[in-house]
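Each chain, letter by letter, is given below.
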Amino acid sequence: MKTQIGDCTLELIQGDITQQNVDAIVNAANTGLAGGGGVDGAIHRAGGPSIMEECRPLGGCPTGQAKATTAGTLKAKYVIHAVGPVYDMHLQRAPQLLASAYQSSLLIVVEKECRSVAFPSLSTGAYRYPLHEAAPIALETITEFLRSQLHDLQLVRMVLFDTKTLNAYDNALRKLSQSQH
Ligand code: APR
């Protein structure tokens, strides 16, 4: 599913984020920027050790924020390491922190003059954020950013790993589009 926001296409696809031919890919990282499983493991494996070498001196990253490295052997130029909330730990602050992780990533993407970026579904794996709650927050935050900030972005692609995740985002985007017409 796709929608157009000004000059930018917001697209939802099922796939592997490490394979995306975009200027920046976003990683679902932890506060230590220490690597892990899920998207994080896949990005470090596919991009090679230089990504971790660049992460080490960054001194971690607070929840709800993001930091950039280059992307090693990946097709992308940058990896934006975003730290989403742990659902059971951040509780009532979780929605705000999740939105902030997307916003911070987009601000860095714009600062780096990227024209295209791919996001995974932040926090909905190991961090256990329920999909039906996370998907609308992700899409509303991205949409709001694209409408309100100056940017040259032409493509924001959500790369969803499995059918269940793709369906949750499809439903959320449909509802969001209906509510805005
Ligand atoms: N491409 C796209 N999406 C992927 C990929 C991939 N290659 N691999 C996994 N996913 C999906 C998962 O299926 C889930 O829907 O990304 C979503 C986010 O899951 P996680 O990677 O577990 O991210 P998160 O919930 O934010 O947890 C972050 O997990 O691996 C650790 O170091 C990471 O501690 C951090 C935590």
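To be clear, the structure that these remarks concern was listed above.
Residues numbered from 1 in each chain as written. Predicted model: local features only at pLDDT ≥ 70, side-chain atom pairs only at ≥ 80, totals over all residues. Heavy atoms only, no water.

**What about the overall build of the protein?**
- On a plain count of helices and strands, the protein comes out with 6 helices and 7 strands.
- Each helix and strand of the protein, placed in order from N terminus to C terminus, yields the pattern β-β-β-α-α-β-β-α-α-β-α-β-α.
- Its C-alpha atoms give the protein a radius of gyration of 15 Å, near enough to 16 Å, the size a compact globule of 181 residues would have.
- Residues counted as buried form 51% of the 181 residues belonging to the protein.
- Here the analysis covers contacts within the protein between residues at least 6 apart in sequence; of these, 69% occur between residues at least 24 apart.
- Entry remark: accessible area of the protein is about 8600 Å², with carbon and sulfur atoms responsible for 49%.
- Once the 15 positive and 16 negative side-chain charges of the protein are each reduced to a mean point, those two points are 3 Å apart. (Helix = DSSP H or I, 4+ residues; strand = E, 2+ residues; numbered from the N terminus. Rg over C-alpha atoms; globule rule 2.2 N^0.38 Å. Buried < 20%, exposed > 50% of the residue type's maximum accessible area, 1.4 Å probe, protein only. Contact = heavy atoms within 4.5 Å. Areas by Shrake-Rupley, 256 points an atom, 1.4 Å probe, with all protein chains shown as cover. Lys, Arg positive; Asp, Glu negative; His and termini not counted. Charge placed at Lys NZ, Arg CZ, Asp CG, Glu CD.)

**What to know about the site of the ligand**
- With respect to spatial proximity, 22 residues lie near the ligand, and among them Gly37, Asp40, Ser123, Gly125 and Ala126 are the closest.
- Asp16 is positioned with one of its side-chain polar atoms (N or O) 2.9 Å from a nitrogen atom of the ligand.
- At 3.0 Å, a backbone N or O of Ile17 approaches a nitrogen atom of the ligand.
- Protein chains shield 89% of the accessible area of the ligand, which is 700 Å² for the free molecule. (Near = heavy atom within 4 Å. Polar contact = N/O pair within 3.5 Å; in protein donor to acceptor, adjacent residues only side chain to side chain.)

**Quick look at helix 6 (residues 163–179)**
- Taking 1.5 Å per residue as the helical rise, helix 6 with its 17 residues ought to reach 24 Å, and the 24 Å between its terminal C-alpha atoms agrees with that figure.
- For helix 6, every residue scored as buried is listed here: Thr165, Leu166, Ala168, Tyr169, Asp170, Ala172, Leu173, Leu176 and Ser177.
- Where helix 6 is buried, its residues meet strand 1 (2–5), strand 2 (8–14), helix 4 (94–111), helix 5 (131–148) and strand 7 (155–160). (Expected span 1.5 Å × (residues − 1).)

**Some details on the sheet that holds strand 1**
- In space, the 7 strands of this open sheet follow the order 1-2-7-6-3-5-4, with mixed pairing throughout. The open sheet terminates on both sides in strands that have one partner only, identified here as strand 1 and strand 4 (66–70). For this sheet the average axis-to-axis angle between neighbouring strands, irrespective of direction, equals 20°.
- When strand 1 meets strand 2, the two strands line up antiparallel, connected through 4 bridges. Across the sheet, the residue bridging to Ile5 is Cys8, located in strand 2.
- Packing against the sheet, helix 5 makes contact with strand 1, strand 2, strand 6 (116–119) and strand 7, and its axis sits at approximately 160° to strand 2.
- On top of the sheet, helix 6 reaches strand 1, strand 2 and strand 7; it is set at about 145° to strand 2, its chief contact. (Pairing = 2+ DSSP bridges. Axes fitted to C-alpha atoms, helices over the stretch in contact; angles between N-to-C directions.)

**Re helix 1 (residues 38–47)**
- The complete set of buried residues in helix 1 reads Asp40, Gly41, Ile43, His44 and Gly47. Considered in projection along helix 1, the buried side chains sweep an arc of 165° and stay on one side of the axis. Turned more than 90 degrees from where helix 1 packs its buried face, Gly38 and Arg45 sit exposed.
- Buried residues along helix 1 sit in contact with strand 3 (24–28), helix 2 (50–55) and strand 5 (78–82).
- Two residues or fewer past helix 1, Gly48 is found with a positive phi of approximately 90°. (Arc of directions from axis to C-beta.)

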